[in-house]
Amino acid sequence: MDPKRHGVSRTVLTINTKREMIAKVESGQKMADVARQYGLNRSTVCTILAKKDIIKKTQEAEGVTKITSVKQGSAIHEKMERLLLFWINEREMKRDETSMPIIQEMARGFFEKLKENKLQSASAEKEAAEKYCLKFQEFFETKGYRLQQNRLTLLLGANASGDMKLKSLLVYHFENPRALKKFIIKSKLPVMWRSNQRAWVTHDLFKEWLFKVCALSIKDNLDTNDLPLKALLLLNNAPGHPKDLKNNLLTDFTWLTVQFYLRIRFH
């Protein structure tokens, strides 16, 4: 294991180790078993297998024990690793010297270039979005449209890494709006549809969503990724979030811990 950087412990693997893992999976071993052998998560093995074509073609440079860590913090690192692997492969084919300092210098160059490109792209997107907002506002005002005084509440949830999104809870004024009467089956919608007069998330609605959707989805995700059955649910102090949730979870969901944080008001 590498020393902890910014509070995150990262596992660094050599190219040969990655090849060994790929070979074991291709020989019939389960990904979960291979992950346990190397002390990794199943998702890490999946990431390595997704890059197996590149890894198989890459020759490990003399004296090089590692290139980049398997777990990285952004898509920039993923792109940098792919570029670095191709670059090393080309140097090996030309029999050029490839040492760790050379690789590190090239990695820094790739990273800075990719980061610069990302910033330029983000700036262009922001400028385009601002222009569109002004254009839409002008269109809205000149055509005489009015904002409809309508309301709905949408409850969203996801894990910290963002790769697992919970089915949302949508609360509306009407149980059967005109737009949904004939052509749409509410049970097939990508949300849990509920209704009340004020379109609020009540204690009962939140508990229903928590027990029927949230907790079960979290458990399925942990089982699928071969992770320990343990999770922390962070909630704000909204009126619809019951304060006795901890007691309600003790019976069926002892592995799920609820923690409330301060409610933030935006002015």
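Residues numbered from 1 in each chain as written. Predicted model: local features only at pLDDT ≥ 70, side-chain atom pairs only at ≥ 80, totals over all residues. Heavy atoms only, no water.

Quick reminder of the rule: UniProt positions are given in the numbering used here, feature names are shortened, and annotations may be inferred rather than shown by experiment.
Per an unreviewed UniProt entry, the recorded name for the chain is Tigger transposable element-derived protein 1-like protein, and the organism is Trichonephila clavipes. The record in UniProt for the chain states the following under Subcellular location (unreviewed entry): "Nucleus".

Focus on the nonpolar core
The criterion, for reference: In these notes, a set of buried Ala, Val, Leu, Ile, Met, Phe, Trp, Tyr and Cys residues joined through side-chain atoms within 4.5 Å is what counts as a nonpolar core. Summary of the burial criterion: residues with accessible area below 20% of their type's maximum are buried, those above 50% are exposed, and those between are partly exposed, where the area comes from a 1.4 Å probe applied to protein chains only. Helix numbers and strand numbers start at the N terminus; a helix is a DSSP run of H or I with at least 4 residues, a strand a run of E with at least 2. Note on contacts: a residue pair qualifies if any of its non-hydrogen atoms lie within 4.5 Å across the two residues.
If you look at the biggest cluster of nonpolar residues, it comprises 25 residues, and the most contacted ones within it are Phe 206, Trp 209, Leu 210, Ile 218 and Leu 256. Those elements giving two or more residues to this core turn out to be strand E2 (168–172), helix H8 (203–224), strand E4 (231–236) and strand E5 (256–261). Discounting chain neighbours no more than four positions away, the residues touching Phe 206 are Leu 155, Val 201, Leu 235, Gly 240, His 241, Pro 242 and Leu 245. In this structure, Ile 15, Val 45, Ile 55 and Leu 85 belong to the second largest nonpolar core, which totals 13 residues.

With respect to a nonpolar patch on the surface
Using the following cut-off: Exposure above 30% relative accessible area and the lack of any salt bridge qualify a residue for a patch; like charges then connect within 9 Å, and the nonpolar side chains Val, Leu, Ile, Met, Phe, Trp and Tyr within 5 Å. Using the Shrake-Rupley algorithm and a 1.4 Å probe, accessible areas are obtained, with residue cover drawn only from the displayed protein chains. A carboxyl oxygen of Asp or Glu within 4 Å of a side-chain nitrogen of Lys or Arg is what we treat as a salt bridge.
On the surface, a cluster of nonpolar side chains totalling about 460 Å² of accessible area is made up of Tyr 132, Phe 136, Phe 139 and Tyr 145. Assignment of secondary structure puts Phe 139 in helix H6 (residues 100–142).

Details of the pattern of salt bridges
Going through the model one piece at a time under the given rule, you end up with seven salt bridges. The salt bridge partner of Glu 127 is Lys 131, with a shortest N-O separation of 3.6 Å. With Glu 127 and Lys 131 both in helix H6 and four residues apart, the pair spans about one turn of that helix. Exposure remark for Lys 131: the relative accessible area of 55% places this residue in the exposed category.

A look at the sheet that holds strand E1 (residues 152–155)
Strand pairing in a sheet is mediated by backbone hydrogen bonds. Such pairs are either parallel or antiparallel. Quick reminder of the rule: Any two strands with at least two DSSP bridges between them are considered paired. Axis definition: a line fitted to C-alpha atoms, limited for helices to the stretch in contact. Angles are taken between N-to-C directions and run from 0 to 180 degrees.
The sheet built from three strands is open, its strands ordered E1-E2-E3 with mixed pairing. The sheet is open, and its two borders are formed by E1 and strand E3 (191–195), each paired with just one other strand. Adjacent strand axes in the sheet meet at a mean angle of 20 degrees when their direction is disregarded. Sheet topology note: the E1/E2 ladder contains four bridges and is antiparallel. Bridge pairing in E2 places Thr 153 opposite Val 171.

Brief notes about helix H1 (residues 15–26)
So the rule is basically this: By this rule the span expected of a helix is its residue count minus one, scaled by 1.5 Å. The reported arc concerns the directions from the helix axis to the C-beta atoms and nothing else.
Between the first and last C-alpha of H1 there are 16 Å, a value that for 12 residues agrees with the 16 Å anticipated at 1.5 Å per step. All buried positions along H1 are accounted for by Ile 15, Thr 17, Lys 18, Met 21, Ile 22 and Val 25. Down the axis, H1 shows its buried residues gathered within 160 degrees of arc, on one side only. Looking one or two residues past H1, Gly 28 carries a phi angle of roughly 120 degrees, positive in sign.

Concerning unusual backbone geometry
A positive phi angle, near 60 degrees, is found at Ala 199, a position not held by glycine. Here Asp 226, not a glycine, exhibits a phi torsion of approximately 55 degrees, which is positive. The class of Asp 226 is partly exposed, set by a relative accessible area of 38%.

With respect to the pairing of E5
Only one face of E5 is buried, namely the one carrying Leu 256, Val 258 and Phe 260, since none of Thr 257, Gln 259 and Tyr 261 on the opposite face is buried. One ladder, built from six bridges, connects E4 with E5; its direction is parallel. When the bridges of E5 are listed, Ala 231 appears paired with Leu 256.

Remarks on the packing of aromatic side chains
Filter applied, for reference: Pairing of aromatic rings covers Phe, Tyr and the six-membered ring of Trp, with a centre-to-centre limit of 6.5 Å; geometry is then stacked below 30 degrees between planes, edge-to-face above 60, and tilted otherwise. By the criterion adopted, a ring carries a charge over it if an Arg CZ or a Lys NZ lies within 6 Å of its centre and within 35 degrees of its normal.
Enumeration according to the criterion identifies six aromatic pairs in this entry. Judged by centre distance (5.9 Å) and plane angle (5 degrees), the ring pair of Phe 211 and Phe 253 falls under stacked. With Phe 211 in helix H8 and Phe 253 in the loop between helix H9 (245–252) and E5, this residue pair connects regions lying 42 residues apart in the sequence. Among the residues examined, Phe 211 registers a relative accessible area of 25% and is labelled partly exposed. Geometrically, the ring pair formed by Phe 253 and Trp 255 is edge-to-face, given 6.1 Å between the ring centres and 80 degrees between the ring planes. Counting every residue linked through ring pairs, the aromatic cluster contains Tyr 172, Phe 174 and Trp 193. The ring centre of Phe 260 lies 5.6 Å from the NZ or CZ of Lys 243, which sits over that ring.

Details of the environment of Glu 26
Mapped onto the fold, Glu 26 is located in helix H1. On the accessibility criterion, Glu 26 (45% relative accessible area) is partly exposed. The spacing of Glu 26 and Leu 49 is 23 residues in sequence and 9.6 Å in space, taken between C-alpha atoms.

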